[in-house]
Amino acid sequence: IVNRLADKLRRDGRVEVHVVPHELNLGPSIDWINARFRSLEDGLAIEVHKNSTNNAHGVEVWYWGGDNASKGLAQALLNGIVAVPGMPVNRGVKGDNTNRHGSLGWIRQTTPWSLLAEMGFISTGGDPVDDAADDRYAEGLYRGTLAVMGLEYAPAPPPAPAPPALPKTTWRVVQMSTGKQIGAYNTEAGAWNKY
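Residues numbered from 1 in each chain as written. Predicted model: local features only at pLDDT ≥ 70, side-chain atom pairs only at ≥ 80, totals over all residues. Heavy atoms only, no water.

Q: Looking at this model, I keep getting lost on the pattern of salt bridges. Mind explaining?
A: Scanning all chains against the criterion turns up nine salt bridges. Linking Arg4 and Asp135 is a salt bridge whose minimum nitrogen-to-oxygen distance equals 2.5 Å. Placement of Arg4 in helix α1 (residues 2–12) and of Asp135 in helix α5 (residues 131–148) is noted, with a sequence separation of 131 residues between them. Looking at Asp135, the relative accessible area reads 40%, which means it is partly exposed. Taking the shortest distance from any N to any O, the salt bridge between Lys94 and Glu60 comes out at 2.9 Å. With Lys94 in strand β3 (residues 90–95) and Glu60 in strand β2 (residues 59–63), this residue pair connects regions lying 34 residues apart in the sequence. Judged by its relative accessible area of 4%, Glu60 falls in the buried class. Connected through salt bridges with shared partners, the residues Arg4, Asp131 and Asp135 form a single ionic network. (Salt bridge = Lys/Arg side-chain N within 4 Å of Asp/Glu carboxyl O. Helix = DSSP H or I, 4+ residues; strand = E, 2+ residues; numbered from the N terminus. Buried < 20%, exposed > 50% of the residue type's maximum accessible area, 1.4 Å probe, protein only.)

Here's what the structure looks like:
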């Protein structure tokens, strides 16, 4: 999901994108970000998770509990996520001070603005886990990230339809020296007509 989101943002070209190396765990990930971004206004750090509880569904975004600016960013991100058709249920935005640990290190220790997006449930009875679902999650995060950054989302125009394929049953026969058509060859009949 993270790589797909980064690809979308890079293609868009309006947001500079950095992806924390995937092999880093929480502490080194925070250190990696803080070494590159030294103030709150330097950017937005989004941690993407899959939730896990049996028979649960939905997406949610966590923010710095008690901070209205952080809550507003979380709501903008979530609004973009749930605007994508086929997205699981909206579980809302949640202050990190309401989780079972009392805070989230990602949100409290990362220097720039930071949010944690839970993109569906992977446990028994949870949300779909496949390429199509990951594409939807990445698209939602893309829309939400643009909203957080104050940028308009403009859907990509649909690709132009390909012209219908014509059956290759008849081929033109052209004289090489003049380029003039001198006949036609029918592949189904195995015959050609000379003009």
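Q: Can you walk me through the side chain of Glu139 in this structure?
A: With respect to the helices and strands, Glu139 occurs in helix α5. With a relative accessible area of 14%, Glu139 lands in the buried category. The contact partners of Glu139, leaving out residues within four places of it in the chain, are Lys8, Val84 and Tyr153. (Contact = heavy atoms within 4.5 Å.)

Q: Just to check I follow, could you spell out the sheet that holds β2 for this structure?
A: Sheet strands pair via backbone hydrogen bonds, and the direction of the pair is either parallel or antiparallel. The strand order across the open sheet formed by four strands is β1-β4-β2-β3, and the pairing between neighbours is mixed. In this open sheet, the two edge strands, each paired with only one partner strand, are β1 (44–51) and β3. Neighbour-to-neighbour, the strand axes of the sheet open up by a mean angle of 20°, direction not taken into account. Judged from the four bridges that link them, β2 and strand β4 (residues 113–121) form a sheet pairing that is antiparallel. (Pairing = 2+ DSSP bridges. Axes fitted to C-alpha atoms, helices over the stretch in contact; angles between N-to-C directions.)

Q: How should I be thinking about the nonpolar core in this particular structure?
A: Burial of nonpolar side chains together is a common tendency in soluble globular proteins. Ranked by internal contacts, the top residues of the largest apolar core, which has 28 residues, are Val61, Leu77, Ile81, Met119 and Leu141. Apart from residues no more than four positions distant in its own chain, Met119 is found in contact with Ile1, Val48, His49, Lys50, Gly58, Val59, Ile81, Tyr137 and Leu141. Membership of the second largest hydrophobic core comes to eleven residues, among which are Trp32, Phe37, Leu104 and Trp106. (Core = buried A, V, L, I, M, F, W, Y, C linked by side-chain atoms within 4.5 Å.)

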